[in-house]
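# Observations on the three-dimensional arrangement
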Amino acid sequence: MERSCLNTLTVCLLAVTIVLSLMLFSTIAEESPLDSTWNICVGAKHCSECIERHSTCAWCLDSRSFRGSNDSQCDTYDNLYSRGLCANITFPENSILLKENTTLSDADDSIDGHAVQVTPQKVAVKLRIGQSMTFRVSIRQAADYPLDLYYLMDLSKSLSDDLESLHTLGRALVRRLRRLTSDLRLGFGAFVDKTILPFVLLDQTTCHHTSCCKDCVTPFSYKNEQPLTNNTRRFFEKIYYSKVSTNLDTVEGGFDALLQAAVCKKEIGWRDRARRMLVFVTDAGFHIAGDGKLAGIIRPNDGLCHMDVSHTEYNQSIYQDYPSVGQLNEILQRNNIVPVFAVPDGRLTLLYRELAKHISGAKVGIMAENSNNVIDLVERQFQAITSEVQLTDDANEFADISYTSYCTDGRVVPGSSKCSGLRLTETVHFDVKVTARKCTPGWKKQKFYIRPLGFDEQITIQLKVICKCDCEKRKKRDLKHCTNGNGILACGQCMCDPGRYGDECQCSGKADLDADDVTLCIGHNSTIPCHGRGQCFCGECICNKRLHPRELISGKYCECDNFSCDRHQGELCGGPGRGECECDAATGRSKCRCKSGYAGSACGCRESTKYCETPSGLLCNGFGECKCGRCQCYKSSPFFGPTCQQCPTCFGLCSSFRECVLCKVFDSGLLSFQQCQNCSVDIQTVESIKNVTVAAEPLTLCQHPVDSNCTIQYGYTTKNDGAFVVYVQKTQACREIIYIEPPVSSIDFKWIIMSIVLLVLLAGLMCIMLVRLCIYCQDSNEYATFRKETANSKWTSADNPLFRRSISTYVNPVHGVDDINQNLL
């Protein structure tokens, strides 16, 4: 029972603690007046700095209203307006303008003969940091829209039957596509693999391998057999005269062909005003970025068009590696090309379906054994493409884009940029929300695009992040506010001429002492103007002069000098050869500035980094400071040892590569320029670290926090020669920060004190009640124990151990016991 009582007491105390904490927090949050430290706007010195701090900040143009008060020219708009602090307030507002907004129309209804499928076409947005604006996008797929269909086929020997089927069914394919659009152009391309060992064998006459083909043409990487044309006869002739080839491995070099077919716009013949569709036919897997190392190809694919002088064959296959999946996705999306992967049923279908997840708008179709279903496949995939609309954008780090879809089924889906199950001429709508994240360099406008996948039209977004006040552009010399024109007035502040200073440029080097300005000469942690070592002159400190001409007093409040620094061996800062005594602006105190080769508070330590360097040249491994030629590892770091490299709790080499990644990719970190140049590790930047695929050792992922909001993501692996290669994601991974403005209340401070007193009294009363409850439980437990022991006790008769008989008997050892007993009788 005692244990039960203690458990009950513990639970009650915990419950009371939680309730009191919640009540106290609620009371303080609701009844306390807003402290100035909660206001992010207060303290800004200029108008631009003010509006950059938060979207609620406003700037007062009348600086005289704040002279001599604790209020700030930068405050929230509500504070400036409601308190009557200012009559002239600058508060930039967001705006949106549809600069081009041509209505949706078919080709027959438009003036220039081109259909308009997306509206608006150009939008100008002005936003303050953290603010958003929304506009609506309408999309309708026009009927009888031009179609460019490029047939890209794997011409390895295993697809020879498919090539014959395409030639046989070609005319029927054209007739079927003519039903979908009257403006049709067809093109044909072929690919095998890189023309280098171990991918292909160029000399087929000396081949004794089972994959050799005596009647095949010389292997090639990619050929543009027939550019896009409306001459169907020429298209069929190119297919008829095409011959298959062969390669050595089981996968093909289709990615090279796919990229070239996308970027070589002129050579392929892609039109600006047409729906672009590429049918990729193969019965094998694909090589990806990094596979080229098997043939000694280490140069990454540059994503550019490389065709020979005849514009028919890819001429960089043996010099550049295969493209990556992310690179293909970006290029296909940028060129508005929708790929359709036609592959046989089975495991290969699963492979290409997984690939399609990483390529926007890609489709996968199942090809029959000899491609005799090519007509149905192309028609079915064309209808799948035209039955959905999906928006993509290339917004940079200065803006965030979010979507809300309004599809034909009547549903409103926030966060969705896709509508499916559409028919031609049906209109769908999307609300596009643009949010400004940070100021642009030089306050320049940023331009990015929103594109529907598979469309040749786009929406241009011109974003201007408002980080500068318009009043700063209207500078003028003012005689009234800036003391006889001794400065230029901008946003209510005077920008004084050389030799003049003060809020209204009223001060100069010859001005008399103004008693009202003495408070401006009192620094932090001091109550004496100019720290007692100078005179307050027109709001500024004029420091006293010392008898010794080389001893100087300096600082805004005369808080520093060049003669009170630490000494080494009796000399100031170790002597002129070791350092000089200067004012530290950060601390406002005198501090030794040591010369090269010396360190310490008095420059008494010779500085040498020889024994602080790691084998890679990094000082103290980036987790300590080299002082007096020895590493002093940071206390917050798990690393220790002579060079701060030992860490039993660490895993992998992430920390070893971190500083080289920071300096080479993000131009930050602890390394100097020379140390950064000494970083010998191979560092490669990628769009996303998640999309990096390596063929050798698996990729070890790393991340390093830059601040409380963002992290740098990278990973490392080993090359074939055992050297390390580090892949670094170009952009930092950040999470969204939401500013929550604290509530404002007009309750007097006395209510806080009264609430706290009542809570303390209530807590004391609850504690007394709990103590009484505990005592009661303990007494009840003891009484119950007593009753139990009483009920279980048994009383028996026995002699009193304290009673003694009055007769004592002694036995004489000479006589027997029987004689004694007889005498007693």
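Here goes a summary of the coordinates provided. (Residues numbered from 1 in each chain as written. Predicted model: local features only at pLDDT ≥ 70, side-chain atom pairs only at ≥ 80, totals over all residues. Heavy atoms only, no water.)

## What about the environment of Gln684?
- Tracing the chain through its elements places Gln684 in strand β40 (residues 682-686).
- By relative accessible area, Gln684 is classed as partly exposed at 27%.
- Along the primary structure Gln684 and Tyr716 are separated by 32 residues, whereas in three dimensions their C-alpha atoms are 10.0 Å apart.
- At 3.3 Å, the side chain of Gln684 and the side chain of Asp682 are in polar contact. (Helix = DSSP H or I, 4+ residues; strand = E, 2+ residues; numbered from the N terminus. Buried < 20%, exposed > 50% of the residue type's maximum accessible area, 1.4 Å probe, protein only. Polar contact = N/O pair within 3.5 Å; in protein donor to acceptor, adjacent residues only side chain to side chain.)

## What to know about the pattern of salt bridges
- One pass over the full model with this rule turns up 24 salt bridges.
- Put simply, Asp409 and Arg411 hold a salt bridge, and the shortest N to O gap is 3.0 Å.
- For Arg411, a relative accessible area of 54% puts it in the exposed group.
- A network of salt bridges, in which partner residues are shared, links Asp148, Asp183, Arg185 and Arg271. (Salt bridge = Lys/Arg side-chain N within 4 Å of Asp/Glu carboxyl O.)

## A short note on the sheet that holds strand β25 (residues 493-496)
- Spatial ordering of the open sheet is given by β23-β24-β25, a layout of 3 strands whose pairing is antiparallel. Looking at which strands have only one partner, the edges of the open sheet turn out to be β23 (476-477) and β25.
- As paired strands, β23 and strand β24 (residues 487-490) are joined by 2 bridges and run antiparallel to one another. Paired with Lys476 across the two strands is Leu489, which belongs to β24. (Pairing = 2+ DSSP bridges.)

## A few points about the pairing of strand β9 (residues 184-191)
- Buried residues dominate β9, accounting for 8 of its 8 residues.
- Side chains Leu184, Leu186, Phe188 and Ala190 of β9 all project onto a buried face; the interleaved residues Arg185, Gly187, Gly189 and Phe191 project onto the opposite face, where all are buried too.
- Relative to β9, strand β8 (residues 147-154) runs parallel, the two sharing 8 bridges. Looking across to β9, one finds that Leu152 is bridged to Gly189.
- Pairing between β9 and strand β10 (residues 222-229): 4 bridges, direction antiparallel. The residue of β10 that forms the bridge with Ala190 is Lys223.

## Concerning the sheet that holds strand β3 (residues 89-90)
- Spatial strand order, β2-β1-β3: 3 strands in an open sheet with antiparallel pairing. Of all strands in the sheet, those with a lone pairing partner are β2 (74-76) and β3, marking the two edges.
- Here 2 bridges tie strand β1 (residues 57-60) to β3, and the two strands are oriented antiparallel to one another. Residue Cys60 lies in a different strand from β3, and its bridge partner there is Ile89.

## Some details on a positive patch on the surface
- Taken together, the side chains of Lys99, Lys126, Lys445, Lys447, Lys468, Lys473 and Lys475 make up a positively charged region of the molecular surface.
- Examined against the element boundaries, Lys126 turns out to sit in strand β6 (residues 122-128). (Patch = residues over 30% accessible without salt bridge, like charges linked within 9 Å, V, L, I, M, F, W, Y side chains within 5 Å. Areas by Shrake-Rupley, 256 points an atom, 1.4 Å probe, with all protein chains shown as cover. Lys, Arg positive; Asp, Glu negative; His and termini not counted. Charge placed at Lys NZ, Arg CZ, Asp CG, Glu CD.)

## A word on helix α8 (residues 325-334)
- Residues of α8 that are buried include every one of Gln327, Leu328, Asn329, Ile331, Leu332 and Gln333, and no others.
- Considering only its buried residues, α8 is in contact with α6 (254-263), β14 (337-344), β16 (389-393) and β21 (446-452).
- At the C-terminal side of α8, Asn336 shows a positive phi close to 55°. (Contact = heavy atoms within 4.5 Å.)

## Describing helix α10 (residues 374-386)
- Between its first and last C-alpha, α10 extends 18 Å over 13 residues, near the 18 Å set by a 1.5 Å rise per residue.
- Three or more residues of α10 are buried, namely Val374, Ile375, Leu377, Val378, Glu379, Gln381, Phe382, Ile385 and Thr386. (Expected span 1.5 Å × (residues − 1).)

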